[in-house]
Amino acid sequence: MIHASLPELRRALDARQISSVELATLFLDRIDALDSRLNAFITVDRDGALAAARAADARIAAGRAGALTGIPLAHKDVFCTEGVLTTCGSKMLSNFVSPYDAHIVGLLKAAGAVSLGKTNMDEFAMGSSNESSFYGAVKNPWNPERVPGGSSGGSAAAVAARLAPIATGTDTGGSVRQPAAFCGITGIKPTYGVVSRYGMIAYASSLDQGGAFGASAEDCALLLSAMAGFDARDSTSLERPAEDYAAALAAPAAARPLEGLRIGLPREFFAEGMAEDVRTAVDAAIEQYRALGASTVEVSLPNARLAIPAYYVIAPAECSSNLSRFDGVRYGHRAAEYGDLADMYGKTRAEGFGAEVKRRILVGTYVLSHGYYDAYYLQAQRLRRLIAQDFQAALQHCDIIAGPTTPTTAWALGQMADDPVQMYLSDIFTLAVNLAGLPGLSQPCGFGSDGLPVGLQLIGDYFGEARLLNAAHRFQQVTDWHARRPAIAA
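Quick summary incoming for the structure in this document.

About the thresholds
- Residues numbered from 1 in each chain as written.
- Predicted model: local features only at pLDDT ≥ 70, side-chain atom pairs only at ≥ 80, totals over all residues.
- Heavy atoms only, no water.
- 1 Å grid on protein atoms, 1.4 Å probe; cavity = no way out; pocket = protein on both sides within 12 Å on 5 of 7 lines; lining within 4 Å.
- Points joined across faces, edges and corners; volume = space filled by probe spheres on them.
- Nonpolar A, V, L, I, M, F, W, Y, C, P; charged D, E, K, R; others polar.
- Core = buried A, V, L, I, M, F, W, Y, C linked by side-chain atoms within 4.5 Å.
- Buried < 20%, exposed > 50% of the residue type's maximum accessible area, 1.4 Å probe, protein only.
- Axes fitted to C-alpha atoms, helices over the stretch in contact; angles between N-to-C directions.
- Helix = DSSP H or I, 4+ residues; strand = E, 2+ residues; numbered from the N terminus.
- Parallel < 35°, antiparallel > 145°, perpendicular 65-115°, else oblique.
- Left-handed = near helix turned anticlockwise from the far one by under 90°.
- Contact = heavy atoms within 4.5 Å.
- Polar contact = N/O pair within 3.5 Å; in protein donor to acceptor, adjacent residues only side chain to side chain.
- Salt bridge = Lys/Arg side-chain N within 4 Å of Asp/Glu carboxyl O.

1. Concerning empty space enclosed by the protein
Item 1. Here the structure, examined in full by the defined rule, presents 2 cavities of 30 Å³ or more.
Item 2. Surrounding the largest cavity, 13 residues form its lining, Gly-127, Gly-173, Ser-175, Tyr-311 and Asp-427 being those nearest its centre.
Item 3. For the lining of the largest cavity, the per-class residue count stands at 4 nonpolar, 7 polar and 2 charged.
Item 4. Approximately 30 Å³ is the volume found for the second largest cavity.

If you want it as structure tokens, here you go:
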């Protein structure tokens with residue numbers, strides 16, 4: 001059962017081959033046994049999980065089970081969860097027990113999914129390696145001396161090590177796709193606004209988007225179908241008909257199931273900066289797509305190189321605004337000793353925030369300050385529009401865009417600790433997707449020379465999640481990269 005797909009788990013639960021309580025216990029026991037080696041979880045909610053599993057068994061017995069009823073999952077610790085510690089990986093919220101559920105947490109509870117607990121993450125989702133967490137670094141299941149990627153590294157590591165079959169994450173500049181690539185699993189970030197941000201503690205509001213992790217595209221499709229939907233409490237939530245992403249995968253496989261699909265290959269993604277072992281795996285994956293009937297065409301994203309400077313102006317600016325609410329007055333950490341209100345603010349924020357968060361707050365405050373707003377923030381927003389226009393121009397010539405998810409495989413823990421700019425450059429292929437608000441998916445497509453997974457990124461037009469998931473699913477029907485597991489998952 002540990003390695004079963006969601007459809008296989010669904011059939012086993014419905015046939016009473018295993019109960020939801022037994023299944024939840026199986027994963028909870030694995031977490032107890034293995035997580036000390038990975039540090040993927042901040043909070044494990046055994047009592048809550050077993051209570052939810054008992055309720056799921058009752059629903060199954062009554063014939064009212066849905067696709068996720070009784071299925072265990074894990075939530076990134078950025079989603080508010082009623083009655084459960086919600087920390088954002090920060091000392092600032094290390095004592096915060098949420099009084100309400102995030103929208104997607106509520107949706108998944110209503111679907112009957114069983115939450116095992118909350119996963120570790122870069123502090124306030126700021127990072128690319130999951131090393132900035134107040135609770136310590138998460139380890140990559142393929143090699144515990146390597147990073148799992150960030151900021152959703154705990155969720156990715158948990159799924160890769162089969163501590164949970166599926167998990168939620170968030171993606172502000174690649175924080176679902178990059179850890180999915182590093183950990184050898186599938187991860188999808190939908191179109192901005194498809195998943196509600198209500199109850200998702202904000203980092204950069206115009207970029208943050210909830211996403212899904214699973215071993216396969218099919219598992220991600222089932223999870224995303226339950227997560228997506230309009231929410232009147234979120235002003236950026238899009239009111240549109242619900243989609244069943246899994247249903248789009250149900251067509252029988254043909255010899256060339258992707259006949260007619262046009263895949264764009266941006267020349268900027270393949271020009272320079274990509275490690276040779278990553279290039280080899282990506283090229284082989286694209287050749288497999290051709291064998292499945294897809295055609296390829298070269299496209300251009302001329303402003304993609306500007307995504308990193310644009311992102312690292314816009315995101316810190318929004319972070320500076322969003323994190324001003326953490327002042328020790330209403331909730332979260334408060335300094336024990338202070339002289340007056342201003343002193344309490346200063347000491348609380350100095351103690352509560354880690355180095356990376358402070359760095360981004362300072363950058364954001366600077367670019368929003370008088371005299372610099374026009375020079376930096378408005379200019380970055382203009383670049384953002386150019387990047388989005390580039391994608392729209394490219395998608396006139398293709399249906400989806402493909403390329404590497406990351407320029408390298410996972411690096412060693414601590415390797416970039418003293419060089420944050422170099423770490424920022426690791427997001428060169430993912431950031432532009434968030435700036436444009438497009439959907440993006442990473443799927444495993446091979447291994448590097450160091451034996452670590454390589455991810456292939458697929459990018460679609462707005463609301464093109466079903467097409468991305470279908471393309472990845474067809475690839476996974478004829479390859480086994482997504483089925484390979486690290487030794488810890490045996």
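2. Let's talk about the nonpolar core
Item 1. The biggest cluster of nonpolar side chains holds 147 residues, and the ones touching the most others in it are Phe-124, Leu-163, Tyr-289, Phe-391, Leu-458 and Leu-469.
Item 2. Counting 7 residues, the second-largest nonpolar core is a separate cluster that includes Phe-182, Ala-410, Met-416 and Leu-452.

3. Re the packing of helix 10 (residues 307–322) against helix 13 (residues 373–394)
Item 1. Remark: helix 10 packs on helix 13, axes separated minimally by 9 Å, with the N-to-C direction vectors making an angle of 125°. Here helix 10 lies oblique to helix 13, going by the angle between them. Crossing hand, helix 10 versus helix 13: left-handed. Facing helix 10, whose interface residues are Ala-307, Ala-310, Val-313, Ile-314, Ala-317 and Glu-318, helix 13 presents Tyr-376, Tyr-377, Ala-380, Gln-381, Leu-383, Arg-384 and Ile-387.
Item 2. Each residue belonging to the contact of helix 10 with helix 13 can be placed in one class, and the counts come to 10 nonpolar, 1 polar and 2 charged.

4. So, the side chain of Ser-98
Item 1. Looking at the element boundaries, Ser-98 is found in the loop between strand 2 (72–76) and helix 4 (103–110).
Item 2. In this structure the side chain of Ser-98 is engaged in a polar contact, spanning 2.6 Å, whose partner is the backbone oxygen of Tyr-100.
Item 3. In contact with Ser-98, other than residues within four places in its own chain, are Cys-80, Thr-81, Glu-82, Gly-83, Val-84 and Thr-86.

5. Regarding the side chain of Thr-348
Item 1. When you line up the elements, Thr-348 lands in helix 11 (residues 341–352).
Item 2. The contacts of Thr-348, once residues within four sequence positions are left out, are Met-92, Asp-327, Gly-328, His-333, Arg-334 and Ala-335.

6. Looking at the pattern of salt bridges
Item 1. Within this structure, the stated rule accounts for 21 salt bridges.
Item 2. For Arg-197, the salt bridge is made with Asp-234, and the minimal N-O distance between the two is 4.0 Å. Of this pair, Arg-197 sits in the loop between strand 5 (186–189) and strand 6 (210–214) while Asp-234 sits in the loop between helix 7 (217–227) and strand 7 (262–266), and the two are 37 residues apart along the sequence.
Item 3. By relative accessible area, which is 14% here, Arg-197 ends up buried.
Item 4. The class of Asp-234 is buried, set by a relative accessible area of 7%.
Item 5. With its nearest N and O atoms 3.1 Å apart, the salt bridge here joins Asp-231 to Arg-233.
Item 6. Taking relative accessible area as the criterion, Asp-231 reaches 4% and is therefore assigned buried.
Item 7. A network of salt bridges, in which partner residues are shared, links Asp-29, Asp-32 and Arg-46.

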